[in-house]
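Here's the letter readout for the chains.
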Amino acid sequence: MRRNRLRLAGLLAAVLVAVTAPAAEARPEPPTLADLAQRHGRYFGSATDNPELTDAPYTALLGSEFDQITPGNGMKWYATEPQQGVFDFSQGDEIVDLARANHQKVRGHTLVWHSQLPGWLSDREWTADELRAVLKKHIQTEVRHYRGKVFAWDVVNEAFNEDGTYRETVFYRTLGPGYIADALRWAHQADPRVKLYLNDYNIESIGPKSDAYYRLAQELRAQGVPLHGIGLQAHLALQYGYPATLEDNLRRFSRLGLDTALSEVDIRMYVPADEAKLATQAAWYRDLTEACLAVRRCVGITLWDYTDKYSWIPAFFEGEGAALPWDEQLRPKPAYYAIREALK
Ligand code: G3I
């Protein structure tokens, strides 16, 4: 009897140790970038691309550190309407499903762009009537498909040249500048709730290209065209200097009643990276995060993928890279800690 009681006491002690030990050892998880950004009413996101989703350590971080996702390619025209009138949303859907499983919101990217168009569209001439019909159908089919699944769309991407003139795309050449207002109206008809953006690079500073957006936004708002935000891509490069007027620029768009977003952030450098370059990069990431936090209507920040492992930079700019806050081994770089500091 006594031996039984002793055995029972031993068993109870073992159970108690088993139950309490992990709790005693467990440390609270540090807040993620998303957690920190949410305290400011902002999101902190990353782009991703379908081929990368088989990389489990990569998707684990993607799913935990961020609360917003942008498909890097999967919602573009070549992917979604590979033949005229034949729509394929499988790549975008894969990313939307993953984002939903991780409670992340999705920015739709992008409906109208001169690049990555399907051959059937770019390889022939169109009359204005034909192209208007093609454009309207593409926009409305895609926006309807993702209604309620994306919170924002980059409706028109990269519409201006560096000097602020319209880029001579097939849409501009065939339809004139009014294609932008039409695209916004058609998108709004298809999903009256989704936020509609114009998005471009090299518009972080005040200058001819961002002035062109400012003027266009003023006109569109005055005409009652549904435009809700401007996406500043923020593909920065150490050799070109930090866009010192970023905060003022964000603020002037806010004053027009528009949201802004830093929509495709990366900060490239000549490789190899060294301590000094990484420190400057970290300071820039901190500064752009602070600039967004300082302007109420800057709604969030999206990295153009979060790791150097999947950055677009080395393939497009020879000798450059190391642009993101995580390195190729998915280890956080000084930039990551600088962003945390800025968000605290
Ligand atoms: O799909 C083909 C694949 O079949 C082929 O084997 C492979 C070989 O090169 O190429 C694949 O296509 C690549 C595509 O990405 C999908 O991975 C293209 O070559 C490549 O040029 C393309 O690059 C994309 C780039 O847009 C095109 O301009 C990048 O991944 C994407 O991150 C980048 O994103 C843009 C934004 O949409 C707009 N702002 C600028 C930003 C950076 O360029």
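These numbers come from a predicted model, not from an experiment.

**Q** Where do I start with the state of the cysteines in this structure?
**A** Disulfides are covalent bonds that link the sulfur atoms of two cysteine residues. Applying the stated criterion across every chain yields a total of 1 disulfide. Put simply, Cys292 and Cys298 are joined by a disulfide, and their sulfur atoms are 2.1 Å apart. In this structure the cystine formed by Cys292 and Cys298 twists about its S-S bond by roughly -100 degrees; its chirality is therefore left-handed. Here Cys292 matches Cys298 in class, with each residue buried.

**Q** Would you mind showing me how to read the confidence of the model for the protein here?
**A** Do not read the predicted coordinates in detail wherever pLDDT is low. In this model, the protein carries an average pLDDT of 94, and 93% of its residues clear a pLDDT of 70 or more. Confidence drops under pLDDT 50 across residues 1–21; counting only partners more than four residues distant or on other chains, this segment forms 2 contacts.

**Q** Mind showing me how you'd approach the site of the ligand here?
**A** The full set close to the ligand counts 16 residues, and Lys76, His109, Glu158, Glu264 and Trp304 are the nearest of them. Here an oxygen atom of the ligand sits 2.9 Å away from a polar atom, N or O, in the side chain of Asn73. Separating a nitrogen atom of the ligand from a side-chain N or O atom of Glu158 is a distance of 2.9 Å. Isolated, the ligand exposes 790 Å² of accessible area, and the fraction of that covered by the protein chains is 52%. The pocket occupied by the ligand, as judged from atoms lying within 2 Å of grid points, is the largest pocket.

**Q** What is the right way to read helix H10 (residues 208–222) from this model?
**A** Every α-helix winds through 3.6 residues per turn, so residues three or four apart in the chain are directed the same way. For H10, which comprises 15 residues, the first-to-last C-alpha distance of 21 Å matches the rise-based estimate of 21 Å (1.5 Å per residue) to within 8%. Those residues of H10 not exposed but buried are Lys209, Ser210, Ala212, Tyr213, Leu216, Ala217 and Leu220. Looking straight down H10, one finds its buried side chains confined to an arc of 145 degrees; they lie on one side. In this structure, the buried residues of H10 make contact with helix H9 (179–190), strand E5 (195–200), strand E6 (229–232) and helix H11 (246–255). In the stretch just after H10, Gly224 is the one whose phi turns positive, near 75 degrees.

**Q** Just checking my understanding: could you explain the packing of H10 against H11 for this structure?
**A** Two packed helices can be described by the angle between their axes and the distance between those axes. Close contact between H10 and H11 brings their axes to 10 Å; oriented N to C, the two are set at 10 degrees. When the axis of H10 is compared with that of H11, the two are roughly parallel. In contact with Ser210, Asp211, Tyr213 and Tyr214 of H10, H11 contributes Asn249, Arg252 and Phe253. When grouped by side-chain class, the residues that make up the contact of H10 with H11 number 3 nonpolar, 2 polar and 2 charged.

**Q** Is there a simple way to explain the layout of surface pockets in this structure?
**A** Think of a ball as big as a water molecule: rolled over the atoms, this probe shows where empty space is left. By volume, the largest pocket amounts to about 600 Å³. Taken together, 26 residues line the largest pocket, and the ones lying closest to its centre are Trp113, His235, Trp304, Trp312 and Phe316. Secondary-structure elements contributing two or more residues to the lining of the largest pocket are strand E1 (43–48) and strand E8 (259–270). Tallied by class, the residues present in the lining of the largest pocket amount to 8 nonpolar, 11 polar and 7 charged.

Quick notes on the rules
- Residues numbered from 1 in each chain as written.
- Predicted model: local features only at pLDDT ≥ 70, side-chain atom pairs only at ≥ 80, totals over all residues.
- Heavy atoms only, no water.
- Disulfide = S-S within 2.5 Å.
- Buried < 20%, exposed > 50% of the residue type's maximum accessible area, 1.4 Å probe, protein only.
- pLDDT = per-residue confidence, 0-100.
- Contact = heavy atoms within 4.5 Å.
- Near = heavy atom within 4 Å.
- Polar contact = N/O pair within 3.5 Å; in protein donor to acceptor, adjacent residues only side chain to side chain.
- Areas by Shrake-Rupley, 256 points an atom, 1.4 Å probe, with all protein chains shown as cover.
- 1 Å grid on protein atoms, 1.4 Å probe; cavity = no way out; pocket = protein on both sides within 12 Å on 5 of 7 lines; lining within 4 Å.
- Sits in = over half its atoms within 2 Å of the grid points.
- Helix = DSSP H or I, 4+ residues; strand = E, 2+ residues; numbered from the N terminus.
- Expected span 1.5 Å × (residues − 1).
- Arc of directions from axis to C-beta.
- Axes fitted to C-alpha atoms, helices over the stretch in contact; angles between N-to-C directions.
- Parallel < 35°, antiparallel > 145°, perpendicular 65-115°, else oblique.
- Nonpolar A, V, L, I, M, F, W, Y, C, P; charged D, E, K, R; others polar.
- Points joined across faces, edges and corners; volume = space filled by probe spheres on them.

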